[in-house]
Amino acid sequence: MDLRIFTEPQQGASYDTLLTVAKATEDLGFDAFFRSDHYLSMGSSDGLPGPTDAWITLAGLARETRRIRLGTLMTAGTFRFPGVLAIQVAQVDRMSGGRVELGLGAGWFADEHRAYGIPFPAERFGRLEEQLAIVTGLWATEAGKTFSYEGRYYQLTDSPALPKPAQAKVPVLIGGHGARRTPRLAAQYADEFNIPFASIEDSERQFGRVRAATQATGRAADELVYSNALVVCVGKDDAEVARRAAAIGRDVDELKTNGLAGSPAEVVDKIGRYAAIGSSRIYLQVLDLGDLDHLELISSQVQSQLG
């Protein structure tokens, strides 16, 4: 079971804070540092000092880290043209020496689009499908050849399809709860399927849909990595769990029901139940980025028991 650290910087984090957490992620032996791609805080947070751009952040971290994978859950397709996104991700992949992964989604948070003047089209899923075709098509085009695409939403003519990523293939993550179109897109384009904030039962059901859709395309279902994203709140004792839950404005019982919360033993047990239904990677949503002791506890008493 891979454990990855997943952050939500729109809730309030500077680049320096993210760098500190990313370095701790690397030093403590976690597999990767991922971040959301949002420009507006949610809930009661004031979001200070303000948003940081996902790919600018990852470019900086690419030069400041050496081992951990770096990526997004999920880059909003509404924020960037697919040709520009392909250039950005390829460049950051080269800056990192080949450690980047691209999670790409349709975009959903209408308020942040209104707040920053970003168009929020009604039909986003069709755009996402074209974006996936373009980004992966640009990267797959042989050097010296060109890439063209004629879609409903995007058209590219004789693109040199440069630059190329450092990796022969940048892993693409697709995720969500949709029962029909999401599994089909994952089967066609994904290297990893991620379901965010889902129960064991819902995860198993959605993994089954993705497996069936993948097999229907002629791919082996096990070609994909199946993963979960879950909020994490671990403490050495009940008091520490309660303190950490209060710090992020959540109830302990709710966290235990909907995330990974409690003692290290409780969390290891629940991770084991996700592993039993086919999940091999968990993105730990860490909401208090100032609590590095939390990461150390997870590393020493949870990750160490997972093999």
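Refer to the preceding data block for the structure.
The shown structure was predicted, so the numbers you read here are calculated from the model rather than taken from an experiment.

Chemist: Which residues make up the packing of helix α2 (residues 54-64) against helix α3 (residues 82-96), and what values go with them?
Modeler: Their axes nearest at 8 Å, the elements α2 and α3 cross at an angle of 15°. By the angle between their axes, α2 is roughly parallel relative to α3. Considering the relative orientation of α2 and α3, their crossing is left-handed. Two secondary-structure elements touch here, α2 through W55, L58, A59, A62 and R63 and α3 through L85, V89, V92, M95 and S96. Tallied by class, the residues present in the contact of α2 with α3 amount to 8 nonpolar, 1 polar and 1 charged.

Chemist: Report on the environment of N258, specifying residues and quantitative values.
Modeler: Within the secondary structure layout, N258 lies in helix α9 (residues 252-258). Assessed through its relative accessible area of 39%, N258 is described here as partly exposed. Counting along the chain gives 86 residues from N258 to V172, while the straight-line C-alpha distance between them is 26 Å. With residues up to four places along the chain from it excluded, the contact list for N258 reads L230 and K270.

Chemist: Any details on α3? Residues and values, ideally.
Modeler: Helix length check: α3, at 15 residues, gives a terminal C-alpha distance of 21 Å against a target of 21 Å (1.5 Å per residue), a fit within 8%. Those residues of α3 that fall on the buried side of the exposure criterion are P82, L85, A86, V89, A90, V92, D93 and S96. Projected down its long axis, α3 shows its buried positions confined to an angular sector of 165°, all on one face. Turning to α3, the residues buried within the fold contact α2, β3 (69-72), β4 (75-76), β5 (100-105) and α5 (125-140). Residue G97 follows α3 closely and has a positive phi angle near 75°.

Chemist: So what's going on with the nonpolar core? Which residues, and what values?
Modeler: In terms of nonpolar packing, the biggest core is built from 73 residues, with L3, W55, L102, L284 and V302 touching the most fellow members. The residues touching L284, leaving out its near neighbours within four places in the chain, are L3, R4, I5, F6, F30, L230, V232, L260 and I298. With 7 residues, the next largest nonpolar core counts F6, F34, L73 and A229 among its residues.

Chemist: Could you give me a rundown of the packing of aromatic side chains, with the residues and numbers involved?
Modeler: Tallying each qualifying case throughout the model produces 6 aromatic pairs. Between the aromatic rings of F34 and Y283, the centroid separation amounts to 5.0 Å while the plane-to-plane angle is 70°, which identifies the pairing as edge-to-face. Of this pair, F34 sits in strand β2 (residues 32-35) while Y283 sits in strand β12 (residues 281-286), and the two are 249 residues apart along the sequence. Both residues of the pair, F34 and Y283, count as buried. The interplanar angle of 85° and the centroid separation of 6.4 Å between the aromatic rings of F193 and F207 together place this pair among those described as edge-to-face. Of this pair, F193 sits in strand β9 (residues 192-196) while F207 sits in helix α7 (residues 200-216); the two residues are 14 residues apart in sequence, bridging distant segments of the chain. F207 shares its class with F193; the two are buried. Feature note: the residues Y39, F79 and Y116 constitute an aromatic cluster, connected by ring pairs.

Analysis parameters
- Residues numbered from 1 in each chain as written.
- Predicted model: local features only at pLDDT ≥ 70, side-chain atom pairs only at ≥ 80, totals over all residues.
- Heavy atoms only, no water.
- Axes fitted to C-alpha atoms, helices over the stretch in contact; angles between N-to-C directions.
- Helix = DSSP H or I, 4+ residues; strand = E, 2+ residues; numbered from the N terminus.
- Parallel < 35°, antiparallel > 145°, perpendicular 65-115°, else oblique.
- Left-handed = near helix turned anticlockwise from the far one by under 90°.
- Contact = heavy atoms within 4.5 Å.
- Nonpolar A, V, L, I, M, F, W, Y, C, P; charged D, E, K, R; others polar.
- Buried < 20%, exposed > 50% of the residue type's maximum accessible area, 1.4 Å probe, protein only.
- Expected span 1.5 Å × (residues − 1).
- Arc of directions from axis to C-beta.
- Core = buried A, V, L, I, M, F, W, Y, C linked by side-chain atoms within 4.5 Å.
- Phe/Tyr/Trp six-rings, centres within 6.5 Å; stacked < 30°, edge-to-face > 60°.

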